[in-house]
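Listed below, chain by chain, are the residues.
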Amino acid sequence: PTAEARKKATAAPAVKAIVFTGAGKFFMAGADIPNLRKLASASTGADVMRKGLQEGHDLMDVVESGPKPTVAAVNGPALGGGLELAMACNARVGTKTSIYGLPELKLGIIPGMGGTQRLPRLIGVAGAGKAMLSG
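Residues numbered from 1 in each chain as written. Predicted model: local features only at pLDDT ≥ 70, side-chain atom pairs only at ≥ 80, totals over all residues. Heavy atoms only, no water.

Draft legend 1. Focus on the sheet that holds strand E4 (residues 91-94). In space, the three strands of this open sheet follow the order E1-E2-E4, with parallel pairing throughout. The open sheet has two edge strands with one neighbour each: strand E1 (18-21) and E4. The average undirected angle you get between the axes of adjacent strands in this sheet is 20°. (Pairing = 2+ DSSP bridges. Helix = DSSP H or I, 4+ residues; strand = E, 2+ residues; numbered from the N terminus. Axes fitted to C-alpha atoms, helices over the stretch in contact; angles between N-to-C directions.)

If you want it as structure tokens, here you go:
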């Protein structure tokens, strides 16, 4: 979801709710980890990553507490940032092909857009701990 699309949807009186879904077989796979590794080693990588994380936080805040209800129509794997987006939505609907995970945890990367705070609120501390330890 782009900032521009989000602004249009929240400003349009005819839009009563915002539904996020994926194109094709995936809901959303999140960040491109190999690309992040390359970016982290670049001289401006830290600044670019910081800006991207801030934009992600801003998006999640609007999705979670914006002026219109949000729904994640999870039509396939929701991994990493995709799961974080689904968790930020006010409601989630899945299918038989829905898969949920935070694979970045297996790489020692903490979910960067509030996933570690939202997951325990949604499924309880015990379930969240198990999910986070298994990725």
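Next, the rest of the story.
Draft legend 2. Here's a closer look at the environment of Ile110. On the secondary structure map, Ile110 appears in the loop between strand E5 (99-101) and helix H5 (115-123). With relative accessibility at 62%, the residue Ile110 sits in the exposed group. A C-alpha to C-alpha distance of 9.8 Å links Ile110 and Gly80, two positions 30 residues apart in sequence. Beyond its immediate stretch of four places on either side in the chain, Ile110 contacts Leu105 and Thr116. (Buried < 20%, exposed > 50% of the residue type's maximum accessible area, 1.4 Å probe, protein only. Contact = heavy atoms within 4.5 Å.)

Draft legend 3. Seen up close, the confidence of the model for the chain. Residues at a pLDDT of 70 or more form 96% of the chain, whose mean pLDDT is 86. For the chain, per-element mean pLDDT is lowest for helix H2 (residues 33-41), which scores 71, and highest for E4, which scores 97. (pLDDT = per-residue confidence, 0-100.)

Draft legend 4. Fine view of the pattern of salt bridges. Within this structure, the stated rule accounts for four salt bridges. Two residues, Arg118 and Glu64, come together in a salt bridge whose shortest N-O distance is 3.1 Å. Here Arg118 is found in helix H5, whereas its partner Glu64 is found in helix H3 (residues 45-65), with 54 residues between them in sequence. Looking at Arg118, the relative accessible area reads 5%, which means it is buried. Residues joined by salt bridges that share partners form a network here, namely Glu64, Arg118 and Arg121. (Salt bridge = Lys/Arg side-chain N within 4 Å of Asp/Glu carboxyl O.)

Draft legend 5. Molecular detail of helix H4 (residues 81-88). Most of H4 is tucked away, with eight of its eight residues classed as buried. Turning to H4, its buried residues number three or more, namely Gly81, Gly82, Leu83, Glu84, Leu85, Ala86, Met87 and Ala88.

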